[in-house]
Amino acid sequence: MSIQNFGVGAEGLLAAQSVLAGEPDSYGNDSRVEQLWAMKAMDHAEVYFNLLCSVEPSRLKLTGNLEDDDVLYNEFRSTFPNLDIGKLKESDLKSEANKEIWRTFSENHKHIEDYSLGSLLRLDSSLDYSEENTIIAVKVQFLAIEIARNREGFNNEIRGKYKATPRKPKGKSSSGGACNTASAQPPVMTEIEHELQQILGGHHALLK
């Protein structure tokens, strides 16, 4: 699978792919489902980390609007008042006791689109994605924890440590996998590439 750098870094993305490869039960036995889910999870992580590299985290509205972010944040902190979101442990999400609490929390927010879709979550909020710093979470866990990190200042140092890196335009691949030369037709911009242009230009919907 081809991996491009959106600010996460090649090492971080390769490590994220390794984490995904270790969770086969998350998507069943269909290799096509595995590949599509892994691609979507990595695209999501790339775009989000690029946002953190580019803008003040407190400006982000991860659900799409401030009211829904407020509801999710308030319920999250009501349910997990003492959770250290700066440096999570895998057991915070995946111990038997916490899984039951998270299951109830997630069901209360199943109106969120793809609320149970797998996402990549960093354990230490001050660091990039890496094999040691990345776990699989469901989307509603990712949203709740990252909204809290953004509001409580845990993601603030990312912009000082990492730089946003837009994807370079790609041509159609040949049978050997190489990109076409400059004389080829301009490639069609993907949804992710378009989103990155919006991020870097300050026009992304999450910034409004």
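Residues numbered from 1 in each chain as written. Predicted model: local features only at pLDDT ≥ 70, side-chain atom pairs only at ≥ 80, totals over all residues. Heavy atoms only, no water.

Describing unusual backbone geometry
Note the following rule: Note on exposure labels: buried denotes an accessible area under 20% of the residue type's maximum, exposed denotes more than 50%, and partly exposed covers the range between, all computed with a 1.4 Å probe on protein chains only.
In this structure, D114 takes a positive phi of about 55° despite not being glycine. Note on D114: relative accessible area 36%, which makes it partly exposed.

Overview of the side chain of R122
Spelled out, the test is: Helix and strand definitions follow DSSP, with helices as H or I runs of at least four residues and strands as E runs of at least two, each counted in order from the N terminus. Two N or O atoms form a polar contact when they lie within 3.5 Å of each other; inside protein one atom must be a possible hydrogen donor and the other a possible acceptor, and for residues adjacent in sequence the pair counts only when both atoms belong to side chains. Only heavy atoms enter the contact rule, under which two residues are in contact if any of them lie within 4.5 Å.
When you line up the elements, R122 lands in strand 1 (residues 118–122). Overall, the relative accessible area of 0% leaves R122 in the buried class. Here the side chain of R122 touches S125 through a polar contact of 2.7 Å, landing on its backbone oxygen. At 3.0 Å, the side chain of R122 forms a polar contact with the side chain of N155. Discounting residues that sit within four places of it in the chain, R122 has contacts with F49, L52, L88, L127, D128, Y129, N133, E146, R149, N155 and I158.

A few points about the nonpolar core
Stated precisely, the cut-off is as follows: Note on terminology: a nonpolar core comprises buried Ala, Val, Leu, Ile, Met, Phe, Trp, Tyr and Cys residues joined through side-chain atoms within 4.5 Å.
Membership of the largest hydrophobic core comes to 41 residues, with the highest contact counts inside it found for L72, F76, L93, W102, L121 and I145. In terms of residue count, the dominant contributor to this core is helix 2 (residues 31–54) (10 residues).

Quick word on the pattern of salt bridges
Think of it this way: side chains of opposite charge can pair up when their charged atoms draw near. The condition is simple: Each reported salt bridge corresponds to a side-chain nitrogen of Lys or Arg within 4 Å of a carboxyl oxygen of Asp or Glu.
Enumeration over the complete set of coordinates arrives at 10 salt bridges. For R159, the salt bridge goes to E56, with nearest N and O atoms at 2.8 Å. Of this pair, R159 sits in helix 7 (residues 158–161) while E56 sits in the loop between helix 2 and helix 3 (66–79), and the two are 103 residues apart along the sequence. Residue R159 is classed as partly exposed on the basis of its relative accessible area, which comes to 33%. A relative accessible area of 28% means that E56 is categorised as partly exposed. In this structure, E146 and R149 form a salt bridge, with 2.8 Å as the shortest nitrogen-oxygen distance.

Structural notes on helix 5 (residues 96–107)
Owing to its 3.6 residues per turn, the α-helix aligns residues three or four sequence positions apart on the same side. Condition: The span one expects for a helix is its residue count, reduced by one, times 1.5 Å.
In a regular helix each residue adds 1.5 Å, so 12 residues correspond to 16 Å; helix 5 covers 17 Å between its end C-alpha atoms and thus fits that length. Taken together, the buried residues of helix 5 touch helix 3, helix 4 (91–94), strand 2 (134–138) and helix 6 (139–152).

Describing the packing of aromatic side chains
Cut-off, in case you're wondering: Note on ring pairs: Phe, Tyr and Trp rings are taken, using the six-membered ring of Trp, and paired if centres are within 6.5 Å. Classes follow the plane angle, with under 30 degrees stacked, over 60 edge-to-face and the rest tilted.
Counted by the stated rule, this structure contains 9 aromatic pairs. Arranged with centres 5.3 Å apart and planes meeting at 70°, the rings of F49 and Y162 form a pair that is edge-to-face. Taken together, the residues F49 in helix 2 and Y162 in the loop between helix 7 and helix 8 (191–201) connect sequence positions 113 residues apart. Across the pair, exposure class does not vary: F49 and Y162 are buried alike. Taken together, a centroid distance of 6.3 Å and an interplanar angle of 65° make the contact between F80 and F105 edge-to-face. With a gap of 25 residues between them, F80 in the loop between helix 3 and helix 4 and F105 in helix 5 connect regions that are remote in the sequence. One aromatic cluster is present, built from ring pairs that chain together F76, F80, W102 and F105.

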